[in-house]
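Structural features, examined
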Amino acid sequence: MPVLVITGTGTEVGKTVVTAAVAATALAAGRSVAVLKAAQTGVGPAEPGDAAEVARLAGPVTTAELARYPEPLAPATAARRAGRAPVHPHEVAEAAAKLATEHDLVLVEGAGGLLVRFDAAGGTLADAARLLSAPVLVVAPAGLGTLNTTELTARELRSRGLDLAGIVIGSWPAAPDLAARCNLADLPDVAGAPLLGSVPAGSGALAPAAFREAAPHWLAPRLDGSWDAEAFRVREAPGAF
Ligand SMILES: Nc1ncnc2c1ncn2[C@@H]1O[C@H](COP(=O)(O)OP(=O)(O)OP(=O)(O)O)[C@@H](O)[C@H]1O
Ligand SMILES: C[C@H](N)[C@H](N)CCCCCC(=O)O
Ligand SMILES: [Mg+2]
């Protein structure tokens, strides 16, 4: 199934920008793309959400959002406080599977990190990935502190039998410090999965045409949307790093 679940080590790590880069790369390779934001929090009804931001940066993708809660909180908390129905993992999986029948690639962006709760029963994006048997891409920051949160995320994925496709650095600094430079060797090691790319800091502010032109160069070829589940199981590090 052409579904890639995009999670991160936390919130504000660049999941949306990475999702846009993967979408732009797949579009440039001639593939049709859908972007599903499982639950959007912290955005008002008339404001663009993450899926709209992906479309703005990447180009013509189908966008979908299962629920929107205005308070900038975990989806389960925001739903409870709003007195509204939460989004359950099976609904995320069903929506992604439906989009997958009509698109070459479906990108599912979570909210915050992997174990952020979507419903009162503790359902998470990991549960949706499991229902979909979809590989998971982990977006991580560069710098001191990322090794621990990346390894925790990778271990949790593995303990659930999920396929960790690889790591992408969400915002690679123009002047990387010692810790960031060392991350290039250490992140794949602690994650047990390849570093599949890095998006330069500030890329989210590029003009869409410049973003679309540059995005394929930030990612390993396997993220062009032509991958299949088998290809993603290959664990060699990309030459670009
Ligand atoms: N490579 C980048 N270039 C420019 N801005 C970036 C980049 N990465 C992250 N940002 C900025 O950092 C902030 C967080 O990024 P982003 O919205 O992608 O986070 P997220 O991981 O998707 O968070 P959420 O959990 O809210 O979905 C945004 O303001 C975004 O513009
Ligand atoms: C509001 C924010 N930008 C995200 N949409 C939601 C992040 C939830 C994080 C919850 C947590 O880990 O404490
Ligand atoms: Mg986001």
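Residues numbered from 1 in each chain as written. Chains lettered and ligands numbered in written order. Predicted model: local features only at pLDDT ≥ 70, side-chain atom pairs only at ≥ 80, totals over all residues. Heavy atoms only, no water.

1. A short note on the overall build of the protein chain
- Assigned secondary structure in the protein chain consists of nine helices and nine strands.
- If you line up the protein chain on its principal axes, its C-alpha atoms span 45 × 35 × 35 Å.
- For the protein chain, with 241 residues in total, the buried portion stands at 51%.
- In the protein chain, of all internal contacts separated by at least 6 residues, the share reaching a separation of at least 24 is 79%.
- When the accessible area of the protein chain is evaluated, it comes to approximately 10200 Å², of which 56% is carbon and sulfur surface.
- Distance from the positive charge centre (19 side chains) to the negative charge centre (24 side chains) of the protein chain: 3 Å. (Helix = DSSP H or I, 4+ residues; strand = E, 2+ residues; numbered from the N terminus. Buried < 20%, exposed > 50% of the residue type's maximum accessible area, 1.4 Å probe, protein only. Contact = heavy atoms within 4.5 Å. Areas by Shrake-Rupley, 256 points an atom, 1.4 Å probe, with all protein chains shown as cover. Lys, Arg positive; Asp, Glu negative; His and termini not counted. Charge placed at Lys NZ, Arg CZ, Asp CG, Glu CD.)

2. Brief notes about the UniProt feature "binding site: substrate" (unreviewed entry) in the protein chain
- Taking the UniProt record as the reference, the feature "binding site: substrate" (unreviewed entry) is found at Thr 41.
- Within the element layout of this structure, Thr 41 appears in strand S3 (residues 40-41).
- On the basis of relative accessibility, which here comes to 18%, the residue Thr 41 falls in the buried class.
- In contact with Thr 41, other than residues within four places in its own chain, are Tyr 69, Glu 71, Pro 72, Leu 73, Ala 74, Pro 75 and Ala 78. (UniProt positions renumbered as here; feature names shortened; annotations may be inferred.)

3. Quick notes on the sheet that holds strand S1 (residues 3-8)
- Taken in spatial order, the seven strands line up as S4-S2-S6-S1-S7-S8-S9 in an open sheet, and their pairing is parallel. At either margin of the open sheet sits one strand with a lone partner, and together these are strand S4 (62-65) and strand S9 (195-200). Mean inter-strand twist for the sheet, computed between neighbouring axes without regard to direction, equals 20°.
- Of the pairings in the sheet, the one linking S1 to strand S7 (residues 136-140) comprises four bridges and is parallel in character. (Pairing = 2+ DSSP bridges. Axes fitted to C-alpha atoms, helices over the stretch in contact; angles between N-to-C directions.)

4. Structural notes on the site of ligand 1
- Lining the immediate environment of ligand 1, one finds 19 residues, of which Thr 11, Lys 15, Thr 16, Gly 202 and Ser 203 sit closest.
- At a separation of 3.0 Å, a nitrogen atom of ligand 1 approaches a polar backbone atom of Gly 170.
- Backbone polar atom of Gly 202 to a nitrogen atom of ligand 1: 2.9 Å apart, as the coordinates give it.
- A total of 620 Å² of accessible area belongs to ligand 1 in isolation, and the protein chains cover 74% of it.
- For ligand 1, the cavity whose grid points lie within 2 Å of the majority of its atoms is the largest pocket.
- At the level of elements, helix H1 (15-28), strand S8 (164-172) and S9 are the ones that each hand at least two residues to the shell around ligand 1.
- Per-element tally for the shell around ligand 1: the top contributor is H1, with three residues.
- Residue classes in the shell around ligand 1 are distributed as five nonpolar, nine polar and five charged. (Near = heavy atom within 4 Å. Polar contact = N/O pair within 3.5 Å; in protein donor to acceptor, adjacent residues only side chain to side chain. 1 Å grid on protein atoms, 1.4 Å probe; cavity = no way out; pocket = protein on both sides within 12 Å on 5 of 7 lines; lining within 4 Å. Sits in = over half its atoms within 2 Å of the grid points. Nonpolar A, V, L, I, M, F, W, Y, C, P; charged D, E, K, R; others polar.)

5. Examining the coordination of the magnesium ion (ligand 3)
- Coordination of the magnesium ion (ligand 3) by the protein comes from Thr 16 (OG1), Asp 50 (OD) and Glu 109 (OE), over a distance range of 2.0 to 2.2 Å.
- Each donor residue of the magnesium ion (ligand 3) lies on one chain, and together they are spaced T-x33-D-x58-E. Here the residue Thr 16 occupies a position in helix H1, and Asp 50 occupies one in helix H2 (residues 50-58), the gap between them amounting to 34 residues.
- Judged by relative accessible area, Thr 16 falls into the buried class, the value being 13%. (Donors = N, O, S within 2.8 Å, 3.2 Å for Na, K, Ca; no water.)

6. What to know about the layout of surface pockets
- By volume, the largest pocket is sized at about 520 Å³.
- What lines the largest pocket is a set of 30 residues, among which Thr 11, Glu 12, Lys 15, Thr 16 and Asp 50 lie closest to the centre.
- For the lining of the largest pocket, the secondary structure elements donating two or more residues are H1, S3, H2, S8 and S9.
- By residue class, the composition of the lining of the largest pocket is 12 nonpolar, 12 polar and six charged. (Points joined across faces, edges and corners; volume = space filled by probe spheres on them.)

7. Focus on H1
- In this model, H1 (14 residues) spans 20 Å end to end at C-alpha, consistent with the 20 Å of a helix rising 1.5 Å per residue.
- The buried fraction of H1 amounts to 12 of the 14 residues, a majority that puts the element mostly inside the structure.
- Among the residues making up H1, those that are buried are Lys 15, Thr 16, Val 17, Val 18, Thr 19, Ala 20, Ala 21, Val 22, Ala 23, Ala 24, Thr 25 and Ala 26. (Expected span 1.5 Å × (residues − 1).)

8. Details of the site of ligand 2
- Neighbouring ligand 2 are Thr 11, Thr 41, Pro 72, Leu 73, Ala 74, Gly 112 and Val 116.
- Here ligand 2, which alone exposes 390 Å², has 61% of that area covered by the protein.
- Comparing atom positions with the cavity grids shows ligand 2 to sit within the largest pocket.
- When grouped by side-chain class, the residues that make up the shell around ligand 2 number four nonpolar, three polar and no charged.

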